[in-house]
Amino acid sequence: MTVSIATHRAEHSRLASVNTEDPGFGDVFSDHMFQMDYRDGAWRDPRIVPYGPFPVEPGALGLHYGQTVFEGLKAFLGDDDVIRVFRPDRNAARLAQSCQRLCIPAFDETVFLAAIDQLVDLDRAWIPRQRGRALYIRPLIVATEANLNVRPADAYRFFIMTAPVRAYFTGGAIHLKAERRYTRAAPGGMGHAKTAGNYAASLLPGSESQREGHDQVLWLDGVEHRYVEEVGQMNIFFRIGDEVVTPDLRGTILPGVTRESVLTLLEDEGLRCRQRRIGIDEIIAAHEDGSLQEAFGAGTASVIVPVGRISVDGHTLAINDARPGTLATRLYDRIVDIQRGDAPDPHGWNRLIASGPR
Ligand SMILES: *Cc1c(COP(=O)(O)O)cnc(C)c1O
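Everything numeric here is computed off the predicted structure, so don't read it as measured data.

Enquirer: For this particular structure, what's the right way to read the overall build of the protein chain?
Expert: When its secondary structure is counted, the protein chain shows 7 helices and 18 strands. Its C-alpha radius of gyration of 21 Å places the protein chain within 12% of the 21 Å reference for a compact globule of 358 residues. Along the three orthogonal principal directions, the C-alpha set of the protein chain runs to about 60 × 55 × 35 Å. Residue burial in the protein chain is summarised as follows: out of 358 residues, 53% are buried. A fraction of 72% describes how many contacts in the protein chain between residues 6 or more apart in sequence connect residues 24 or more apart. Positive and negative side-chain charges of the protein chain, numbering 40 and 47 respectively, have mean locations separated by a distance of 1 Å.

Enquirer: Looking at this structure, how should I read the packing of aromatic side chains?
Expert: Aromatic ring pairs are described here by two measures, namely the spacing of the ring centres and the angle between the planes. In this structure the tally under the stated criterion is 14 aromatic pairs. Considering the side-chain rings of Phe107 and Phe112, the 6.0 Å spacing of their centres and the 40° angle between planes classify their relative orientation as tilted. Of the two residues examined, Phe107 and Phe112, each falls in the buried class. For the pair Phe237 and Phe296, a centre-to-centre distance of 5.3 Å together with 10° between the ring planes defines the contact as stacked. Placement of Phe237 in strand S12 (residues 234-240) and of Phe296 in strand S15 (residues 292-299) is noted, with a sequence separation of 59 residues between them. By relative accessible area, which is 0% here, Phe237 ends up buried. Here Phe296 falls in the buried class, since its relative accessible area comes to 0%. The side chain of Arg157 reaches across the aromatic face of Phe54, ending 5.0 Å from its centre. Sitting over the ring of Tyr227, Arg277 keeps its end group 4.0 Å from the ring centre.

Enquirer: What is the right way to look at the side chain of Asp37 in this model?
Expert: In this structure, Asp37 sits in strand S2 (residues 32-39). Look at Asp37 and you get buried, because its relative accessible area is 10%. There is a polar contact of 2.8 Å between the side chain of Asp37 and the side chain of Arg47. Apart from residues lying up to four places away in sequence, Asp37 is in contact with Ala42, Trp43, Arg44, Arg47, Tyr156 and Arg157.

Enquirer: How should the site of the ligand be read in this particular structure?
Expert: The ligand sits among 14 residues. The nearest are Lys194, Tyr199, Glu230, Thr258 and Thr300. In the model, an oxygen atom of the ligand is placed 2.6 Å from a nitrogen or oxygen of the Thr300 side chain. Burial of the ligand by the surrounding chains reaches 96%, relative to a free accessible area of 380 Å². Only S12 and helix H5 (257-268) provide two or more residues apiece to the shell around the ligand. In the shell around the ligand, the residues fall into 4 nonpolar, 6 polar and 4 charged.

Cut-off values and rules
Going along each chain's sequence as written, the residues are numbered from 1 onward. The predicted origin of the model limits local features to residues at a pLDDT of at least 70 and limits the giving and counting of side-chain atom pairs to 80 or more, whereas totals for whole chains, interfaces and linings rest on all residues. Side-chain figures throughout are based on the complete set of non-hydrogen atoms in the structure, without hydrogens or water. Numbering goes from the N terminus for both helices and strands, where a helix is a DSSP run of H or I of at least four residues and a strand is a run of E of at least two. Here the globule rule reads 2.2 Å times residues to the power 0.38, and the radius of gyration is calculated from C-alpha atoms. Buried, partly exposed and exposed residues are distinguished by accessible area as a fraction of the type maximum, computed with a 1.4 Å probe on protein chains only: under 20%, between the cut-offs, and over 50%, respectively. The contact criterion used throughout is that any non-hydrogen atoms of two residues lie within 4.5 Å. Neither His nor the chain ends contribute to the count of charged residues, in which Lys and Arg are positive and Asp and Glu negative. Every charge is mapped to an atom, namely NZ of Lys, CZ of Arg, CG of Asp or CD of Glu. Note on aromatic contacts: the rings of Phe and Tyr and the six-membered ring of Trp form a pair at centre separations within 6.5 Å, being stacked when their planes are under 30 degrees apart, edge-to-face when over 60 apart, and tilted otherwise. In this analysis the charged atom, NZ for Lys or CZ for Arg, is taken to sit over a ring once it is within 6 Å of the ring centre and within 35 degrees of the ring normal. Two N or O atoms form a polar contact when they lie within 3.5 Å of each other; inside protein one atom must be a possible hydrogen donor and the other a possible acceptor, and for residues adjacent in sequence the pair counts only when both atoms belong to side chains. Near is defined per residue: the residue qualifies when any heavy atom it owns lies within 4 Å of the molecule or strand. Reported accessibility uses the Shrake-Rupley method at a 1.4 Å probe radius. Residues are deemed covered only where the shown protein chains occlude them. For this scheme, ten residues count as nonpolar: Ala, Val, Leu, Ile, Met, Phe, Trp, Tyr, Cys and Pro. Four count as charged, namely Asp, Glu, Lys and Arg, and the remainder, Gly too, count as polar.

Quick look at the structure:
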């Protein structure tokens with residue numbers, strides 16, 4: 001079944017007025033956005049319209065009680081002029097899971113994929129070509145029904161907006177603070193859902209850690225503050241001896257698409273990666289006995305970010321002399337090569353959007 005999406009084009013493109021030398025990260029949005037609305041028990045009116053503000057009821061439930069979910073993925077324009085969207089099917093599935101946790105009605109995943117195809121194709125001139133840059137795609141669902149009862153809303157708006165973004169990876173390795181006091185997610189909570197509340201909860205710990213001179217927070221579990229969970233808004237990996245380890249998904253960790261891709265690439269290389277609980281004590285011990293070789297974060301925005309230092313209770317561990325490690329560097333290159341079409345895509349991760357002048 002083909003999905004019918006009405007398109008109302010912008011009269012003028014804003015692209016010429018944009019600083020394409022440094023697009024920032026979400027500083028500027030492309031010409032168009034996708035929208036559809038949920039009312040009277042169904043998702044309705046999928047449409048592409050010019051990007052811009054819209055009226056919202058001050059009583060909208062999403063504004064008051066945080067009934068919102070979102071996603072983040074990227075589109076690339078390769079040297080072959082083909083548009084590649086990286087694993088949008090995984091984002092559709094995860095958005096569906098997040099909706100389920102927040103009592104947001106299910107949507108048709110084929111509409112999600114068709115919306116991205118058409119939106120990205122329409123704004124293809126906004127896709128940066130430089131290696132490391134991309135068109136970031138941000139889907140968002142927010143409860144729009146005006147009411148003050150704490151209950152699931154009966155009306156929602158679904159958006160997809162896009163923004164050209166710069167490379168995050170500057171070649172440096174970041175400094176983490178193992179967070180003993182604040183918690184990102186607790187068992188039974190929303191840690192596995194991509195929702196605004198988790199991000200709001202991270203702002204104060206994030207700014208405190210930055211004031212103390214760190215780059216990001218290394219989240220520990222919410223019960224004992226002892227087991228490693230995530231780094232900032234990324235999943236985390238360690239290379240200890242000849243093994244790679246990452247925390248197993250147990251409801252408090254966001255199931256990252258980059259994490260999943262790293263696991264597959266490691267398997268391709270014949271490297272063992274175990275998903276299990278990792279105590280911060282184990283990291284300290286592995287640093288002391290010299291077996292901790294590398295640590296890195298994985299997420300869509302930055303792809304792979306090497307971790308150079310971790311501060312735990314005021315003591316700082318330098319990992320790999322605080323320099324980016326070979327595995328992190330190689331994984332970054334592998335993923336970016338696949339995303340840009342510079343290397344084969346053996347797992348069929350890219351969704352191709354036909355090229356050609358319109
Ligand atoms: C989005 C996100 C990630 C990374 O997921 P990707 O699909 O790889 O972008 C990791 N942790 C948190 C908390 C996130 O919100």
